[in-house]
Amino acid sequence: MNVPVENYLVLAALIFAIGCAGVLTRRNFIVILMSVELMLNAVNLTFVALSRQLVSMDGQMIVFFVMTVAAAEVAVGLAIFLAIYSQRRTVNADEISLLRW
Amino acid sequence: MIAFYFIALLTLASALLVVLHRNPIYSALGLVNTLFLIAVSFVMLDAELIAMLQVIVYAGAIVILFLFVIMLLNVESEVRSARISKIGTAGLAFVLLFAVELAVFALVRDPSGAQELPAGFGSTELLAETLFSKGMLSFELTSLLLLVAVVGAVVMARRKVES
């Protein structure tokens, strides 16, 4: 299995860009959160690929923390979403302008 | 090498499905697919424990959470607006530029060749050793973060019942 590390980096960059485009263009709050997950995963892939390239476990350790933070982020994000939905009956991120003036 | 391209194409296809599909259920299923395929990439990169965690934590917990909320709220398909807003266009152009830049940067990097991996690289023992020596403080802080997240999620979700 001698795939050059660059291939993985390019793959991760593309997944990150797809996730970034999703965050910018989608209006559905849930899909925006999913796109954020995609971006986090792309970064995880970069960390693991470079961890193997540099023969160091540090990258995999950071991936461990990123996963924890991602899980916490989704839990809190969906809870906020539930609270907003019960008040406003909308999933559209454009209509949630509570903090905008 | 062929295996890598196969996996990479599938990963990109399902990532696009997440972003492009109107129905959030299909987006969630695409997300499961993407996460599984990234786990496969982790296995190919000799990170078995991380791959297991990926399947358990992401596919097993996070996506279920997404699906649960979608089912709970009965979210309908999004009506695609004909025009993308100005800021969306600017954002897409930026993303495209960003992707090209990242890809070029990754390719231009001097390929130094993979070094010989020590025995047990990516194993639970080695990861745990790193985690509990170098990452001890971060590990403890993570527990604090999870506590705050649990309390925050419960508080946010309870407000719904009261109103």
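Criteria and thresholds
Residues numbered from 1 in each chain as written. Chains lettered and ligands numbered in written order. Predicted model: local features only at pLDDT ≥ 70, side-chain atom pairs only at ≥ 80, totals over all residues. Heavy atoms only, no water. Phe/Tyr/Trp six-rings, centres within 6.5 Å; stacked < 30°, edge-to-face > 60°. Helix = DSSP H or I, 4+ residues; strand = E, 2+ residues; numbered from the N terminus. Buried < 20%, exposed > 50% of the residue type's maximum accessible area, 1.4 Å probe, protein only. Core = buried A, V, L, I, M, F, W, Y, C linked by side-chain atoms within 4.5 Å. Domains from an automatic or database assignment. Contact = heavy atoms within 4.5 Å. Salt bridge = Lys/Arg side-chain N within 4 Å of Asp/Glu carboxyl O. Polar contact = N/O pair within 3.5 Å; in protein donor to acceptor, adjacent residues only side chain to side chain. Nonpolar A, V, L, I, M, F, W, Y, C, P; charged D, E, K, R; others polar.

### Quick notes on the packing of aromatic side chains
Per the counting criterion, the structure on display carries eight aromatic pairs over all chains. With 5.6 Å between their ring centres and 55 degrees between their planes, Phe16(A) and Phe98(B) make a pair best called tilted. Separated into two different chains, Phe16(A) in helix 1 (residues 5-25) and Phe98(B) in helix 4 (residues 86-108) make up a pair that spans both. Residue class for Phe98(B) comes out partly exposed when judged on its relative accessible area of 23%. Aromatic side chains Phe4(B) and Tyr5(B) sit 5.5 Å apart centroid to centroid with 65 degrees between the ring planes, which places their arrangement in the edge-to-face category. Among the aromatic residues, those joined into a ring-pair cluster are Phe64(A), Phe65(A), Phe132(B) and Phe139(B).

### With respect to the nonpolar core
If you look at the biggest cluster of nonpolar residues, it comprises 59 residues, and the most contacted ones within it are Tyr8(A), Met34(A), Leu38(A), Leu45(A), Leu31(B), Ile50(B) and Phe66(B). By residue number, the principal contributor to this core is helix 3 (residues 48-73) of chain B, which donates 11 residues. Ranked by size, the runner-up nonpolar core spans six residues in total, among them Ala21(A), Met39(A), Val95(B) and Ala99(B).

### Some remarks on the domain arrangement of chain B
Domain boundaries in chain B define domain 1 (1-77) and domain 2 (123-163). Here domain 1 of chain B and domain 2 of chain B have C-alpha centroids that lie 22 Å from each other.

### Concerning the interface of chain B and chain A
At the junction of the two partners, chain B supplies 79 residues and chain A supplies 69 residues. Our count for the contact surface shared by chain B and chain A stands at two salt bridges. Between Lys134(B) and Asp58(A) there is a salt bridge whose closest N-O contact spans 2.9 Å. In this assembly, chain B and chain A are joined by five residue pairs in polar contact (both at pLDDT 80 or more). For the side of chain B that touches chain A, the secondary-structure elements that each account for two or more residues are helix 1 (2-20), helix 2 (24-44), helix 3, helix 4, helix 5 (124-131) and helix 6 (136-162) of chain B. When residues in the side of chain B that touches chain A are grouped by element, the largest group, 11 residues, is from helix 3 of chain B. In the side of chain B that touches chain A, the residues fall into 53 nonpolar, 18 polar and eight charged.

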